[in-house]
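Each chain, written out:
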Amino acid sequence: MRTLLIALLALFAVPLAAQDSLPPAPYANRQIEDPALEAKAQELMETIRCLKCQSQTISDSDAPMAGDMRSQIRMRIATGEHPEVIRAWLVERYGDYVSYSPRITSLTWPLFALPVVLIALSLLLLRRRFRGKGDAS
Amino acid sequence: MSEGQKASRWALWLPLAIFAGFIGLAVSGLLWPADRNVASTMIGKPLPQFELPAAVPGRPGLSTADFTDGKPRLLNVFASWCIPCALEAPQLSQLEAAGAEIHAVAIRDRTEDVSLFLKRYGNPFTRIGKDDISAVQLGIGSSGVPETFVIDGSGIIRYQHIGDIRPEQVPMILEKLKEAQR
């Protein structure tokens, strides 16, 4: 009964649970003054996954945590840090999942190898088929 | 000729087999959904350098140095606006009663809200740092609240528990804490 009650309460509490009332971090919704740096930050933010809304990038997401991530990225880019260094910093903490720009690793190499294999296979099949036709005619 | 016919008869079933495969994949995805928690990859690595101000008047703030005196501790990442954090409170009190020292980081929170939360649900924390921009949270690879980390005596992250600690998980957390002592 108590579990049921908690479950019921949790059902109503979900929209509340995901929010806080603090104002966003300084650079969550504000651009860096230098447009060149902002462009760099934007490019990185579009390839970093929001950990709260996992199908969005942090530049798309309204989650407070995504705002904090944007703010941190902008502040670090503003101090001259390279975007790929920040990406590596995030990957070190959350694994490859946090990045939308896949690396070739022992786990992901089939993704890159498979298209090459399929193209080679289809070329082979096509060649056999066209040869077969040539023989028949 | 007959050999070619045999091959084509076999190939006739291929689309159906592929379709059945897709159905199987979809059903297995529905029955056993993937784990969507993003685990920290900081296990075995030292805590990042940080120094947070106190979240409430009654407890001091929190810095990396508070974890490097040889005693293993728990680091609880929580927020007053987080409902599961309130559900977890009795378990944290239980851990404290069992001798665990718990430091906490309050994520994106107001002093008065944290005070109210602690008054309502109890205060098992020795130190509470105030993290308004999730800097420490991002630094330790935590992706939500609540999360509890086991930190060994030299400030190395040994274990991450994602989500609220359930009553039945208290002994397991204590065991992890004991393991960190070695």
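Residues numbered from 1 in each chain as written. Chains lettered and ligands numbered in written order. Predicted model: local features only at pLDDT ≥ 70, side-chain atom pairs only at ≥ 80, totals over all residues.

**Student:** Describe the sheet that holds strand E5 (residues 125–131) of chain B, listing the residues and the values that go with them.
**Tutor:** Residue and element names in this part refer to chain B. Across the sheet, 5 strands lie side by side as E5-E4-E3-E6-E7; this open sheet has mixed pairing. Strands with a single pairing partner mark the edges of an open sheet, and in this sheet they are E5 and strand E7 (157–162). Neighbouring strand axes in the sheet, compared pairwise and without regard to direction, differ in orientation by 20° on average. As paired elements, strand E6 (residues 147–151) and E7 share 5 bridges and run antiparallel to each other. Its bridge partner lying in E7, isoleucine 151 is registered against isoleucine 157. (Pairing = 2+ DSSP bridges. Helix = DSSP H or I, 4+ residues; strand = E, 2+ residues; numbered from the N terminus. Axes fitted to C-alpha atoms, helices over the stretch in contact; angles between N-to-C directions.)

**Student:** So what about the interface of chain B and chain A? Which residues, and what values?
**Tutor:** Between chain B and chain A, the residue contacts involve 21 residues of the former and 23 residues of the latter. Taken together, the residues that form the side of chain B that touches chain A break down as 10 nonpolar, 6 polar and 5 charged. (Contact = placed C-beta atoms within 7 Å. Nonpolar A, V, L, I, M, F, W, Y, C, P; charged D, E, K, R; others polar.)

**Student:** Go over the nonpolar core, please, and point to the residues and values.
**Tutor:** Core analysis: the biggest nonpolar cluster contains 40 residues, and Phe78, Ala79, Val105 and Ala106 of chain B have the highest contact counts within it. Tallying contributions element by element places helix H3 (residues 83–97) of chain B first for this core, with 5 residues. (Core = buried A, V, L, I, M, F, W, Y, C linked by C-beta atoms within 7 Å. Buried ≥ 20, exposed ≤ 12 C-beta atoms within 10 Å, placed from the backbone.)

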